[in-house]
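Secondary and tertiary structure notes
Now for the letters of each chain:
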Amino acid sequence: MQHRIFSKRVSRRQLIAGAVAGLGTVAAPGVMRIAAAKSWRTGIPFSLGVASGAPRSDGFVLWTRLAPEPLSSNPETPGGMSGADVTMRYEIATDPGMTKIVRHGSATAEQAFAYSVHLDVAGLQPGRSYWYRFLSGDAVSPTGRAITLPSLGSALRNVRFGFVSCSNYEHGYFSAYRHLTGEDPEFVLFLGDYIYETIEQYRPIVRRHSDGIEAATLPTYRNRYAQYRLDPDLQGLHAQVPAIVTWDDHEVQNDYANKWSQYFDDPAQFLIRRAAAYQAFYEHMPVRPIVSRPNGPLMRIYDRFTFGDLIEISVIDGRQYRSREACYAPPNKGGSHLETNAGCPERLEAGRTMMGFGQEAWLYAGLAHSKARWNLIAQDVLMAQLRIKRDGSDAFSTDDWNGYPANRQRLLQHIHDSKVSNPVVISGDIHSFFANDLKLDFDDQASPVVATELVGTSISSYGPPYDPIAQALPDNPHVHFFDSRRRGYVLVDLLPEQMQARMRVVSDAHDPKATIATFKTFAVEGGRPGIVEA
Ligand code: FE
Ligand code: CA
């Protein structure tokens, strides 16, 4: 299928050739004269690769982090680095071989942020690919690809992207990331659980989180991100596919909600941990340096991306601003648990929020003003109602949108009332594929379908038991498809008149050479919310 809407794309083979040529330490002619004449005698400073993200019509953010000793356990020398900020050179070209350089200048690796670079580039042409690299002393980074968004309102026929979530390093290899790179998407949406702070203690593992401890401090979160970025499949995806990112819980702690820990920690103490986790996320992601720079435990990641007249993506933060999980008290777990209406009336309270009221108002204003044909809401957790029988009664999870039904109702009512064009919610977290109709009233068969939801499975994290959810499907007729047994991602081909979503699965997440196949294909037809089997 033709999907190269961004001009002057090249073959994957050429891209890889460009990336490999840039790997490691190369004495590039002309570099020594301009950059500081630093010789990287120990280690490869660009060991964690490069990434681009946060695209706009005239630019994007370029990321790298200097880490000659990426898993250094000395908290005083993150990545084996010490001393002041490091100034390096960057180049942006219109070809993957970096021969037609259209921009160059200096970029700063900030000591305060583990020597990461967040270079905010502006003034480029809309709707095309660029290639970039960093140069420091005698070292040259791999070459990466970035995109600028097509200008607002410009006609766009076709765009391909992938969405991914839940890559537990201990649970499997990242073959799914490698295969997504091979699909040549324009961008990838990360919907959360990019890292896992945990250490697996019960289930089989294929490789170990290097430090063997739960991440809870700035040095331990940093090393977790560094270890994930050393994975060649993930590093390769970032080099070749621009990223749009949000987070879920495991970037901080399983099932946390705002300042409330699943272990009933003192909220003031937990906010210190959250600040460390958010800072490490910032240090490793291609997010905007002004808007998203963390301020203590606060960090804004919700954002909006508009691709011509075709698609507007609202990226939502479902963790930082939410109300405490309903019925948060022992003997319940502090995190996800199933609750009935009678057993936990708090879950149904109107004042509860998933998004926080500021983000909610921002989302509604954006949706109401959007002129895009398709309006995606990219966020972390399952939105559709999911009734699960517990001791003969209907029960609902407290951690996904089922724990915040009043906010879900306000959102779906807003989508309905403001006649949002082709609303589609994409979600992660549950390590399962779902294809759902989102109804104004899930309890009323006659209630209209107002939006569609697609949930991607995990890249590698183990899925929940299949049978209890499969057996609940007759009680959830708006759920058209569910499967928790396969690992992979969703590949979307979006045209003005149709969205096609292919659920792609790896043969075995425990096999580093796993193959890829299509498991199921669904579609959403323009002007008609709801899932169609393709
Ligand atoms: Fe997960
Ligand atoms: Ca999660």
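Residues numbered from 1 in each chain as written. Chains lettered and ligands numbered in written order. Predicted model: local features only at pLDDT ≥ 70, side-chain atom pairs only at ≥ 80, totals over all residues. Heavy atoms only, no water.

**Thoughts on the coordination of the calcium ion (ligand 2)**
The protein atoms that coordinate the calcium ion (ligand 2) are D193 (OD), D248 (OD), D249 (OD) and D429 (OD), at distances of 2.1 to 2.6 Å. We note that the donor set of the calcium ion (ligand 2) lies within a single chain, spaced as D-x54-D-D-x179-D. If you look at the calcium ion (ligand 2) and the iron ion (ligand 1), they sit 3.8 Å from each other and are both ligated by D193. We classify D249 as buried; its relative accessible area is 0%. (Donors = N, O, S within 2.8 Å, 3.2 Å for Na, K, Ca; no water. Buried < 20%, exposed > 50% of the residue type's maximum accessible area, 1.4 Å probe, protein only.)

**Some thoughts on the side chain of S47**
With respect to the helices and strands, the residue S47 is situated in the loop between α2 (31–34) and β1 (50–56). Classification of S47 by relative accessible area gives buried; the value is 17%. Once you skip the residues sitting within four places of it in the chain, S47 turns out to touch A67, P70, L230 and Q235. (Helix = DSSP H or I, 4+ residues; strand = E, 2+ residues; numbered from the N terminus. Contact = heavy atoms within 4.5 Å.)

**A few points about helix α5 (residues 232–240)**
Each α-helix turn comprises 3.6 residues. Residues three or four places apart therefore point the same way. For α5, a buried count of seven out of nine residues is recorded, marking the element as mostly surrounded by other parts of the structure. Where α5 is concerned, the buried positions are D233, L234, Q235, L237, H238, A239 and Q240. For α5, the side-chain oxygen to backbone nitrogen distance between the N-cap and D233 is 2.8 Å, and the N-cap itself is D231. (Polar contact = N/O pair within 3.5 Å; in protein donor to acceptor, adjacent residues only side chain to side chain.)

**Side note on the packing of helix α7 (residues 357–369) against helix α8 (residues 405–417)**
Their axes nearest at 10 Å, the elements α7 and α8 cross at an angle of 15°. Classified by the angle between their axes, α7 and α8 sit roughly parallel to one another. In this structure, α7 meets α8 at a crossing whose hand is right-handed. Between α7 and α8, the contacting residues are F357, E360, L363, Y364, L367 and A368 on the first element and N407, R410, L411, H414 and I415 on the second. Each residue belonging to the contact of α7 with α8 can be placed in one class, and the counts come to seven nonpolar, two polar and two charged. (Axes fitted to C-alpha atoms, helices over the stretch in contact; angles between N-to-C directions. Parallel < 35°, antiparallel > 145°, perpendicular 65-115°, else oblique. Left-handed = near helix turned anticlockwise from the far one by under 90°. Nonpolar A, V, L, I, M, F, W, Y, C, P; charged D, E, K, R; others polar.)

**Points about the sheet that holds strand β16 (residues 388–390)**
The strands making up a sheet are joined through hydrogen bonds of the backbone, oriented either antiparallel or parallel. Reading across from one edge, β14-β17-β16 is the order of the three strands in this open sheet, with antiparallel pairing throughout. The open sheet has two edge strands with one neighbour each: β14 (338–339) and β16. (Pairing = 2+ DSSP bridges.)

Interpretation in functional terms is not warranted from these geometric data alone.
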